[in-house]
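Results of the structural survey
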Amino acid sequence: MHAGSCLCGGIRYEVHGEIGDIIECHCKRCRKANGSAYATNAPINRADFKMVQGEHLLKKYQSTPITERWFCSECASPIISVRTELPEIYRLRIGTLDTPLQQKPTQHIFVAHKAEWDIICDNLPQYDERP
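Residues numbered from 1 in each chain as written. Predicted model: local features only at pLDDT ≥ 70, side-chain atom pairs only at ≥ 80, totals over all residues. Heavy atoms only, no water.

Regarding the nonpolar core
Ile 19, Phe 49, Ile 79, Ile 80, Leu 92 and Ile 94 are the most contacted members of the largest nonpolar core, which has 21 residues in total. Broken down by secondary-structure element, the contributors of at least two residues to this core are β2 (12-15), β4 (39-45), β7 (67-72), β8 (78-83) and β9 (89-93). When residues of this core are assigned to their parent elements, the largest contribution, three residues, is made by β8. Sequence-distant contacts of Phe 49, defined by excluding residues within four places in its chain, comprise Tyr 13, Glu 14, Val 15, Ile 44, Ile 79, Ile 80 and Tyr 90. Counting six residues, the second largest nonpolar core, distinct from the first, contains Cys 25, Cys 27, Cys 30 and Ile 109. (Core = buried A, V, L, I, M, F, W, Y, C linked by side-chain atoms within 4.5 Å. Buried < 20%, exposed > 50% of the residue type's maximum accessible area, 1.4 Å probe, protein only. Helix = DSSP H or I, 4+ residues; strand = E, 2+ residues; numbered from the N terminus. Contact = heavy atoms within 4.5 Å.)

What follows is the structure, encoded as structure tokens:
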């Protein structure tokens, strides 16, 4: 089991299942939604995601016709995103985890759209778009 929370601590969640491959996404929407060079995400099963506290603080934003982003309405921490074509899979924002995670990132995606000031300093596979 993994536990996580938002910056203000108003939202707390648990993941009772496997956390999939960690992916660093450099697309413009992820950069804007996270205020950083990339978002670090991993897929989890919807059935494994449990809100423990603060569900009333969770807000949803339709960032594209197929993507909805969930975040804390108090501190704006991004929690997950959901794509309409895969509603049973959530994309967890790994930075919100409070418990240690042994996994490491596996790849960079949308590198063709990365911030011009960002330097990727690892040897992970890089894909111009989604592989």
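So, next bit.
Some thoughts on the packing of aromatic side chains
For the structure shown, the criterion picks out three aromatic pairs. Relative to Tyr 90, the ring of Phe 49 has its centre 5.6 Å away and its plane inclined at 75°; by these criteria the two rings are edge-to-face. Taken as a pair, Phe 49 in strand β5 (residues 49-53) and Tyr 90 in strand β9 lie far apart in primary sequence, 41 residues in all. For the pair shown, Phe 49 and Tyr 90 are each scored as buried. An aromatic cluster of three or more residues is present, and its members are Tyr 13, Phe 49, Trp 70 and Tyr 90. The ring of Trp 70 carries Lys 60 above its face, with NZ or CZ at 4.2 Å from the centroid. (Phe/Tyr/Trp six-rings, centres within 6.5 Å; stacked < 30°, edge-to-face > 60°. Lys NZ or Arg CZ within 6 Å of the ring centre and 35° of its normal.)

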